Each structure stands twice: as C-alpha cells, then as structure tokens.
Amino acid sequence: MKKLLASLVLGFSLLAAGSAVIAQTPASPAATPAASAAMAQPVEAAPAAAVVAAPVPAAAASAPPAPVPNKGDTSWMMVSTILVILMVIPGLALFYGGLVRSKNMLSVLMQVMVTFSMVTVLWFIYGYSLAFTEGNAFFGGFDRLFMKGIWDNVAGTFANAPTFSKGVVIPEIVFAAFQATFAAITCCLIVGAFAERIKFSAMLLFMALWFTFSYVPIAHMVWYWMGPDAYATKEVADAMTAKAGLIWQWGALDFAGGTVVHINAAMAGLVGAYVIGKRTGYGKEAMAPHSLTLTMVGAALLWVGWFGFNAGSALEASNSAVLAFMNTFSAAAAAVLAWCIGEALMKGKASMLGATSGAVAGLVAITPACGAVNPLGAIAIGLVAGGACCLAVTFKHRLGYDDALDVVGVHLVGGLVGTLMIGVVADSEFAAGYSSILDGGGFELLGKQALAAAAVLAYSFVATLVIALLIKVTMGLRVTEEEEVTGIDTTVHAESAYELTGFGATSGATNPGAVRSAAAVSS
C-alpha cells in the first residue's frame, strides 16, 4: 500500500511539473458529445474565404462574429457540475454506506471519495484530451494533454466548446469540468459491486487502469463528434461524421450516459464481483444494510443531483434542458411506484430499500433517453425500469455472483432498459432525426441502440477482465479473511464509523480522530 501511494505521489508530481511547461501551448478546440438535432438540420454554408493578394475589407466585414458564451448557459453548466458532485459526495457515498454492514461503513465512504478525487485529477491530466479531442474512432488525441490550450493568452479568454446548437458555445473549461464529474461517478459506481472485501490499494489501481482503458475510449466512441457548426452543408456531413467516435458514427443515441456510465460501470462491477469472489459468509449469514436511513438520504441526494446530470447534458439552458429536467423527475417517480408494486406482489410488502432502489433505477433508465422522449414516454421508461430492476435484484442469487450493492441489478438492467426503449418511444418532435417504433420509424433505431449497448458490454467485459485478472495475480484483490471478518474500517483504515459504547459514552481507542481531539483538549 505504501509503495502504491508513493508511486502515485511521485507520478502526479512529475505530471504536474510537465503541465507547467505546456499548459499555455495553443491547441485546437475540443468537440462536445452527441446532439440529436444538430446533424439533422444543416444550415447554408458560410461564405468561403477568397484567396486574394491583399486584404479585402468588404469580405472581412461580412464574416460572422465569433460566438461568445452566454452567461446564462455558463452559469447553468457550473450549477450542473456542482449538482453532479453532490450526487457522488455525499449522495452515492451515503447511499452505498447505508447498505453495507456498520463495520465497513467508512471503507465505502473512503473508496468513493478517494476514487472520485483520483479520477478527477487523471481526467484533467490526460482523460479529457483522450475522450474529447479529434483522434480516431476509439481514442482522441493529445491536444488537451494537461489542459494545454484551454486558455488563450492573446485574447485573454478561455477557449470555447460548441454545444448542441449552431453558433452557441460555452467556455471549454466548464465543459471539461462537467465531464470530469461523469468520469468520476462512473468509476465510483463500480465500488458497490465488490464492497466489503476489496483491498484499498488494489481498488485504486483497478480504478486508474479501468478509467484509462475502459471509460475514456467508450466516452470517445459514444460522445465525440465534430460539433454542430462543422456540419455546414450536406456535402461535408459524411466527412465530419467519419471523424467522430465509432458508436456515434453508427447513429446511436445516449443523451447523458446510459451506455458510457451505467452499462459500462455495471459490466465492470459484474466482472469484478466474479473475479474477486463472494464475501465470506455470503448466503450463510445475514448481511442486511446497517442504516436504511442513510441510504434514503443518499438516494434523495442522488435524485436532486441527477437533474444536473441529465439536464446539464443539454449543455445549454434551453428547451432540451427543460425536457430532460422534467423527464428525470417523472421517470424516477414512476420507477418508485413500479418497484414498490412489484415488491408487494412478490414478497407481500413494500420496503424502504425497494423504494430507494426504484428511484435510482428510474434515474438510470431515463439517463440515455431524457432528451429524446416526451413526458409520457419518460413515465413508461420509469415503470418498465422499476419492474425489471426489481426482478433482477430479487433473483440475482440464482446467477451465483455476489454483487454486494446491486450495481448489476440496477445500473446494468436499468441502463439497458433506457438505451433500448429509445428505439421504442423516442419522439422525433423532441429529437430530430431519431424516429422510434411508436413514432413510425420502424425498428432501425432500436437496432442501432441494441448494437451500441452490445458493443459497450463487450468492450467493458474484456477490458475489465484483463485488468482484474492482472491485479489479482500480481498484488491480489481481496483483504485477508481475518480483516474481512473483523471489518475493513478498523483493519485497513484504523478508524470506525460509530464509536458509541453506551448512552452518551464513546471509546476512541481505535479512532485516531478521537485521539487527536482528546490531545487538543488536554493542551
């Protein structure tokens, strides 16, 4: 563990030193994720620049002015970024923390917070560049390595990134920050699949490698394109599309992360759960959540933060953002009801755990579709997701894997439901160019969505399996059986979440924080 941490510190120090040298190097602006309407309605070509021997003032005067970011759009994107951070710390951390046994509460909080922080740093060093600059169909390039070129010293402004509307831009640094939260939460989601038995050092190495070789290329394949202004005429459309990510070229739609985030992370969780093995005593002793109160609080924070996750993916304070906002609201509510009904029918009672899981299932499912369906379609997606995820979680034991916090049952099943139902209920009035079965477009869109989901499943499976096995045979994935039985909080982190030994009494013997507090008082 000490060697790993020393290596990480040394590596980050060298990378930071390199960033000082190249941070101001000009680079070409990065493109944004897919927008449904941008390619569907190309505008007339801008006047071509004539090749002349001397300046021609009239031609220069006719050139359109460079777009300037709108303060409202910029403000909305900053708020959306904050909301997604709220989803993770504390939202996801508390949601997961409440679901584990009390002896492992802090270990889950630690894994979520440190993973989030590490991936954020890696994103700004190289992840953003490899995901959102021009390269090939699988990876971007190095134009934004260390975020170089993000600031224009001559103009005294940040570089701009296109949105989903022609001629509309936001500061690229805001877009990069927003996308950093997506990368970080995706990795954090995986924590729930192998919670309560993974080594902290192994988990960090796994996340760094998985972020690099699974999240980044899939984000590029699904979301990278040349931006709406590149599609100036029909004649150049094919050439511009050929520069996009592979799955974008196929014409599949993922508005906010059904494939990139949820299917990708859940497949990693499934593979990780099989490779690391079941928890000691799984199926033989009770492993009930230690605090459904904390889980409910975490789920509520996830729901609130998800408005930034989905509506923020519109990249503008626009009608598209309003639609995504409303659909996020209604789909989650519908899924809560569907899960509770399903639980009552199968078990005779609805539970708080089921209601919170239903909310997350609905939020997961609407994520890829939130900007492409009408409000009624969003409710339909929520209802299907709530029922399907309830069934998946109820019968997961039959598949022989220990997915501790139901990452597969909620995020994989929910992500698939949302991704595929775009092909069933997408409304071309809201997503120009995307016509579903109910919209009269036949099965073509459903086929594209299924192909995209299958590609992400296959890629994530292979990448995760290689990474997990590599770590397992080199440094090991699991804590010792003694550490697992005692609890990871005390054996790995030397502290515990709860120190109460009696009414009003505490014992700080195993809690360094309590020791430090006592020392401060005595001094």
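For clarity, every value in this text was computed on a predicted model and none was experimentally measured.

Reading guide: rules and limits
Residues numbered from 1 in each chain as written. Predicted model: local features only at pLDDT ≥ 70, side-chain atom pairs only at ≥ 80, totals over all residues. Heavy atoms only, no water. Helix = DSSP H or I, 4+ residues; strand = E, 2+ residues; numbered from the N terminus. Buried < 20%, exposed > 50% of the residue type's maximum accessible area, 1.4 Å probe, protein only. Polar contact = N/O pair within 3.5 Å; in protein donor to acceptor, adjacent residues only side chain to side chain. Contact = heavy atoms within 4.5 Å. Axes fitted to C-alpha atoms, helices over the stretch in contact; angles between N-to-C directions. Parallel < 35°, antiparallel > 145°, perpendicular 65-115°, else oblique. Left-handed = near helix turned anticlockwise from the far one by under 90°. Nonpolar A, V, L, I, M, F, W, Y, C, P; charged D, E, K, R; others polar. Expected span 1.5 Å × (residues − 1). pLDDT = per-residue confidence, 0-100. Disulfide = S-S within 2.5 Å. 1 Å grid on protein atoms, 1.4 Å probe; cavity = no way out; pocket = protein on both sides within 12 Å on 5 of 7 lines; lining within 4 Å. Points joined across faces, edges and corners; volume = space filled by probe spheres on them. Salt bridge = Lys/Arg side-chain N within 4 Å of Asp/Glu carboxyl O. Core = buried A, V, L, I, M, F, W, Y, C linked by side-chain atoms within 4.5 Å.

## So, the side chain of Glu196
Locating Glu196 in the fold gives a position in the loop between helix H5 (172–190) and helix H6 (200–223). The exposure class of Glu196 is buried, given its relative accessible area of 1%. Among the polar contacts listed, one links the side chain of Glu196 to the backbone nitrogen of Arg101, at a separation of 3.0 Å. Within the structure, Glu196 has its side chain in polar contact with the side chain of Arg279 (distance 2.6 Å). Aside from chain neighbours lying at most four places away, what touches Glu196 is Val100, Arg101, Asn104, Arg279, Glu484 and Ile488.

## Some words on the packing of helix H4 (residues 105–132) against H5
Where H4 meets H5, the closest approach of the two axes is 8 Å, and the angle between their N-to-C directions is 130 degrees. Taken together, H4 and H5 sit at an angle that is classed as oblique. Once H4 is placed against H5, the crossing between them reads as right-handed. Together, Val112, Thr115, Phe116, Val119, Thr120, Trp123, Phe124, Tyr128 and Phe132 of H4 and Glu172, Phe175, Ala176, Ala177, Gln179, Ala180, Ala183, Ala184, Cys187 and Cys188 of H5 make up the contact between the two elements. Classifying every residue of the contact of H4 with H5 by side-chain character gives 15 nonpolar, three polar and one charged.

## Regarding the packing of helix H10 (residues 292–311) against helix H12 (residues 352–366)
Where H10 contacts H12, the axes come no closer than 10 Å and their chain directions differ by 15 degrees. With respect to H12, the element H10 is oriented roughly parallel. At the point where H10 passes H12, the crossing takes the left-handed sense. Here Leu292, Thr295, Met296, Ala299, Leu302, Trp303, Trp306 and Asn310 of H10 come into contact with H12, specifically with Met352, Leu353, Thr356, Ala359, Val360, Leu363, Val364 and Ile366. Taken together, the residues that form the contact of H10 with H12 break down as 13 nonpolar, three polar and no charged.

## Considerations on H5
Along its 19 residues, H5 runs 28 Å from first to last C-alpha, staying within 8% of the 27 Å computed at 1.5 Å per residue. Within H5, 17 of the 19 residues are buried, which leaves the element mostly enclosed by the surrounding structure.

## Here we look at the confidence of the model for the protein
Do not read the predicted coordinates in detail wherever pLDDT is low. A residue-level look at the protein finds 83% of positions with pLDDT of 70 or above and a mean pLDDT of 87. Note on residues 7–61: pLDDT is under 50 here. Beyond four places in sequence and across chains, it has 94 contacts. With pLDDT under 50 throughout, residues 503–523 is counted as low confidence; its partners more than four residues away or in other chains account for 20 contacts.

## What to know about the state of the cysteines
Chemically, a disulfide is nothing more than a covalent bond linking the sulfur atoms of two cysteines. Taken as a whole, this structure holds zero disulfides when the rule is applied. Lacking any disulfide linkage, Cys390 is separated from the closest cysteine sulfur, that of Cys340, by 8.7 Å. Here Cys390 falls in the buried class, since its relative accessible area comes to 2%.

## Points about the layout of surface pockets
Its volume calculated, the largest pocket comes out at about 680 Å³. Lining of the largest pocket is provided by 30 residues; of these, Leu353, Val393, Lys396, Ala404 and Asp406 occupy positions nearest its centre. Only helix H3 (71–99), helix H11 (319–347), H12, helix H13 (375–394) and helix H14 (407–425) provide two or more residues apiece to the lining of the largest pocket. Residue composition of the lining of the largest pocket, by class: 17 nonpolar, six polar and seven charged.

## Here's the deal with the pattern of salt bridges
Across all of its chains, the model carries nine salt bridges by this definition. The salt bridge involving Arg144 is made with Glu172; its shortest N-O contact spans 2.8 Å. Residue Arg144 is located in the loop between H4 and strand S1 (151–152), and its partner Glu172 is located in helix H5; the two are separated by 28 residues in the primary sequence. An identical accessibility class is assigned to Arg144 and Glu172; each is buried. Of the charged contacts in the structure, one is a salt bridge between Lys396 and Asp406, with a shortest N-O distance of 2.7 Å. Of this pair, Lys396 sits in the loop between H13 and H14 while Asp406 sits in the loop between H13 and H14, placing them ten residues apart in sequence. You can call Lys396 buried: its relative accessible area is 13%. Through salt bridges that share partners, Arg101, Glu196, Arg197, Arg279, Glu285 and Asp402 make up one connected network.

## A few points about the nonpolar core
Counting residues in hydrophobic clusters, the biggest one holds 131 residues, and the most contacted among them are Tyr96, Trp123, Phe206, Met207, Phe211 and Tyr215. Other than its neighbours up to four places away in sequence, Phe211 contacts Val119, Leu122, Trp123, Tyr126, Gly127, Ala183, Cys187 and Val216. Counting five residues, the second largest nonpolar core, distinct from the first, contains Tyr231, Met240, Ala244 and Trp248.

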